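# Overview (structure and organization)
Chain by chain, the residues:
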Amino acid sequence: MQSLEEKILCPCAKCGLVIPVTRIIAFEHLICNGFMKGYTKWILHGETSSHAAQNIESPIDTRESNYTIDMEGIIHDAFQHNIIGEEEHDFENDNLHGGSNEPNTKAKEFYNLVKDGETELYPGCTSFTKLSFVIQLFHIKCISGWSDISFEKVLKLFKRALPEGETLSNSFYETKKLITALGLDYEKIDACPKDCMLYRKEHANDIECEVCSTPRSEAKVLHHFPLIPRLQRLFMSSKTSDFMTWHHNKDRNNDGRMRHPIDSPAWMTFDHNHKNFAADPRNVRVGLASDGMNPFKTLSVSHSTWPVILIPYNLPPWMCMKQPNFIMSLLIPGPKAPGNNIDVYLEPLIEELKDLWENGVETFDASTKKNFNLRASLLWTISDFPAYANLSGWSTKGKYACPCCHQDTYSLWLKYSKKHCYMGHRRWLENNHSFRNDEKSFDGTKEQRMAPTLLTGSMILDMLEGYKIKFGKTVVNPQLPYGWKKRSIFFELPYWKDNLLRHNLDVMHIEKNVCESLIGTLLSLDTKNKDNLNARLDLKVMGIKSELHPKESESKRTVIPPACFTLSKNEKNCLLSIFRDN
């Protein structure tokens, strides 16, 4: 089997025998993506040379080589649909009849790209099209770490090897232009290793960090994937552009159930506050997901990076949450998470979102064959609870950890468990709810308090007005009130303070953690059991649930009385058998 540093060329449909990965990752890719089309004989994974030669000679597909690249799949992934041959509009004829525009420059580049996806590399070539060859070559450059100079020399060599009269991209820059038209381009931005600043704009030529004086030679690299061209390409296919106005379709199911963000009060409130934006259903609403070190492991990004993903909510529910429709915006360098300093890395994205809100960008809509001014807005962020603190600026640790109760958080330090617990949840119930007067089942008291007032964006800005916050691991900032750590960079967006819901918690993580704790407690697992000796001792200190307090036996051993949920051995076996059979 051919390998590179104990890695193999992944034969899944997306990697296409180009990307070297470990066996475990290749196994995961094959489960998620399936085998690449046409790879029926394992010429790169153990077949003899005779088998390899036989496979090379066999015609698998007129568009594929042994380094197969599925151009229809590439176009599908990049532009959301297989549109080769579908967008060859006769615009001049359309204009004679009125009702359409000449495609703008970006759209023309896209349609030329589609044609290149069908053009043979040279007459008689059945292995590559012009587009597939350049993408394949550029892909190898990226994963192999070729310099631009070496890539330029390879291109010149291929140009000399082509039949007379045939052309290929003459330079790296022409190839780069082609990759940009495909929507795969990105920007590398140097960042201070202590997360103080980015070397961009007025700091583009600095040689050291202006905050901590760390030399630029030690900088980390932020990968920024421009949002604007990725939003524009969603409208370049008539199929995709139709789906981008799905939420405005009056025929969609509107029975009061929440199937999509458009059914939420947050979406409706946003439309009410910004009627001009809502007037054009083509304007894009996105959500931002950033969670832990590589939350979307199926994206196959390094575990030393923190990806920031955008989700286009204009698409219907069966599309918007599918991985091919996620928009990678940023890859924040590690090896440690940026924490509170994530705002430094979010600057390029926030500037794009501000520009898309205030000015918009001319975009060609293939379904109507007209240019329009595309605008976009950020509805909310999605993260787990620790990342919530990094994005919102409110600390999710310590005395004031609850972002809903904020300064009215009712917390109690547990002496034996050595952590805060958060009480007073009954305040959020209706005034006549029976739980409010239930002393025995809770902490021995009746709950008569009203629920805390939720903080609006304007209230947060007033609370943090006048505080100057700097970023970086070495910076000491002034003490902010209550649990605040910073004024979130999202408030740079003009509409952010008026959003009804600014931050969402990722239910997947919450369900997982709660489920593990419940199962661990029911089965008395050492690592996840919440009903332990320290918990019982804390109940004794609090003076509640006396029947559960630890007792000392005649042999001077500490005994923990069983709780109502304590399972016997037979009951545990019964529970486990249910899990096994279902």
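Residues numbered from 1 in each chain as written. Predicted model: local features only at pLDDT ≥ 70, side-chain atom pairs only at ≥ 80, totals over all residues. Heavy atoms only, no water.

### Quick look at the packing of aromatic side chains
Each aromatic ring pair is summarised here by two numbers: the centre-to-centre distance and the angle between the ring planes. Counting across every chain of the model gives 14 aromatic pairs. Between F270 and F277 the ring centres are 5.7 Å apart and the planes differ by 85°, which places this aromatic pair in the edge-to-face class. Each member of the pair, F270 as well as F277, is classed as buried. Connected via pairs of aromatic rings, a cluster forms that spans F270, F277, W357 and Y495. One residue, R282, lies across the ring of F372, its end atom 4.0 Å from the ring centre. (Phe/Tyr/Trp six-rings, centres within 6.5 Å; stacked < 30°, edge-to-face > 60°. Buried < 20%, exposed > 50% of the residue type's maximum accessible area, 1.4 Å probe, protein only. Lys NZ or Arg CZ within 6 Å of the ring centre and 35° of its normal.)

### Details of the side chain of S392
Considering the arrangement of structural elements, one finds S392 in helix α15 (residues 385-392). Accessibility expressed as a relative area gives 6% for S392, which makes it buried. Here Y388 takes part through its backbone oxygen, which lies 2.7 Å from a polar atom of the side chain of S392. Among the polar contacts made by the side chain of S392, one reaches the main-chain amide nitrogen of W394 at a distance of 3.2 Å. Once residues within four sequence positions are removed from consideration, S392 is found in contact with W484, S488 and H503. (Helix = DSSP H or I, 4+ residues; strand = E, 2+ residues; numbered from the N terminus. Polar contact = N/O pair within 3.5 Å; in protein donor to acceptor, adjacent residues only side chain to side chain. Contact = heavy atoms within 4.5 Å.)

### Let's talk about the sheet that holds strand β7 (residues 327-333)
If you walk across this open sheet you meet the seven strands as β3-β4-β7-β6-β5-β10-β13, and the pairing is mixed. Because the sheet does not close on itself, it has two edges, and the strands there are β3 (187-191) and β13 (503-505). On average, adjacent strands in this sheet sit at an angle of 25° to one another, irrespective of strand direction. Pairing geometry for strand β5 (residues 284-289) and strand β10 (residues 376-383), over six bridges, is parallel. Across the sheet, the residue bridging to V284 is A376, located in β10. (Pairing = 2+ DSSP bridges. Axes fitted to C-alpha atoms, helices over the stretch in contact; angles between N-to-C directions.)

### Notes on the pairing of strand β11 (residues 410-414)
The pairing of β11 with strand β12 (residues 419-423) spans five bridges and is classified as antiparallel. If you follow L414 over to β12, its bridge partner there is K419. The antiparallel hairpin formed by β11 and β12 contains four residues in its connecting segment, where K418 sits at a positive phi of about 55°.

### What to know about the environment of H260
Along the chain, the position of H260 falls in the loop between α10 (238-243) and α11 (265-273). If sequence neighbours within four positions are ignored, H260 has contacts with W246, W267, Y313, L315, P316, P317 and C320. A polar atom in the side chain of H260 sits 2.8 Å from the backbone oxygen of L315.

### Regarding unusual backbone geometry
A cis amide bond links G334 with the next residue in sequence, P335, at an omega value of 5°. In the Ramachandran plot, D195 falls in the positive-phi region, its phi being about 65° despite a non-glycine side chain. Following the sequence through the fold, D195 ends up in the loop between β3 and β4 (220-224). In the Ramachandran plot, Y482 falls in the positive-phi region, its phi being about 55° despite a non-glycine side chain. Topologically, Y482 is positioned in the loop between α16 (457-464) and β13. Look at Y482 and you get partly exposed, because its relative accessible area is 43%.

### Topic: a nonpolar patch on the surface
Taken together, F385, L505, I510, V514 and L518 make up a surface patch of nonpolar side chains, about 410 Å² in accessible area. If you tally residues by element for the nonpolar patch, the top one is helix α17 (residues 507-522), at three residues. On the secondary structure map, L518 appears in helix α17. (Patch = residues over 30% accessible without salt bridge, like charges linked within 9 Å, V, L, I, M, F, W, Y side chains within 5 Å. Areas by Shrake-Rupley, 256 points an atom, 1.4 Å probe, with all protein chains shown as cover. Salt bridge = Lys/Arg side-chain N within 4 Å of Asp/Glu carboxyl O.)

### Section: helix α14 (residues 342-358)
Every α-helix carries 3.6 residues per turn, so stepping three or four residues along brings you back to the same face. Under the 1.5 Å per step criterion, the end-to-end length of α14 is 24 Å for 17 residues, consistent within 8% with the ideal 24 Å. Most pronounced at P348, the bend in α14 amounts to some 45°. The buried count for α14 comes to twelve of 17 residues, which makes it a mostly enclosed element. Those residues of α14 lying buried are I342, D343, V344, Y345, L346, P348, L349, I350, E352, L353, L356 and W357. One or two steps after α14, the chain reaches G360, where phi turns positive at roughly 75°. (Expected span 1.5 Å × (residues − 1). Bend = angle between axes of the 7 residues up to and from the residue.)

### Looking at the environment of R200
Examined against the element boundaries, R200 turns out to sit in the loop between β3 and β4. The class for R200 is buried, based on a relative accessible area of 14%. The spacing of R200 and D190 is ten residues in sequence and 7.8 Å in space, taken between C-alpha atoms. Residues within four places of R200 in sequence aside, it is in contact with I189, E347, P348 and E351.

### Regarding the confidence of the model for the protein chain
Taken over all residues, the pLDDT of the protein chain has a mean of 80, while the share at 70 or more is 78%. When mean pLDDT is taken per element in the protein chain, α14 scores highest with 96 and helix α2 (residues 49-57) scores lowest with 37. Contacts of residues 1-5 to residues separated by more than four positions or lying in other chains number nine contacts, the stretch itself having pLDDT below 50. Low confidence marks residues 76-98, where pLDDT is under 50. Its contacts with residues over four positions away, or in another chain, come to 60 contacts. (pLDDT = per-residue confidence, 0-100.)

### A look at the pattern of salt bridges
All told, the structure shown has 18 salt bridges when counted by the stated rule. The residue E447 makes a salt bridge to R449 at a minimum N-O spacing of 2.8 Å. The class for E447 is buried, based on a relative accessible area of 6%. Under the relative-accessibility criterion, R449 is labelled partly exposed at 36%.

### Observations concerning α11
Turning to α11, its buried residues are A266, W267 and F270. One side of α11 carries all its buried residues, which in axial view fall inside an arc of 100°. Facing away from the buried side of α11 by more than 90 degrees, the exposed set consists of M268 and H272. Buried residues along α11 sit against α12 (275-278), β5, α14 and β10. (Arc of directions from axis to C-beta.)

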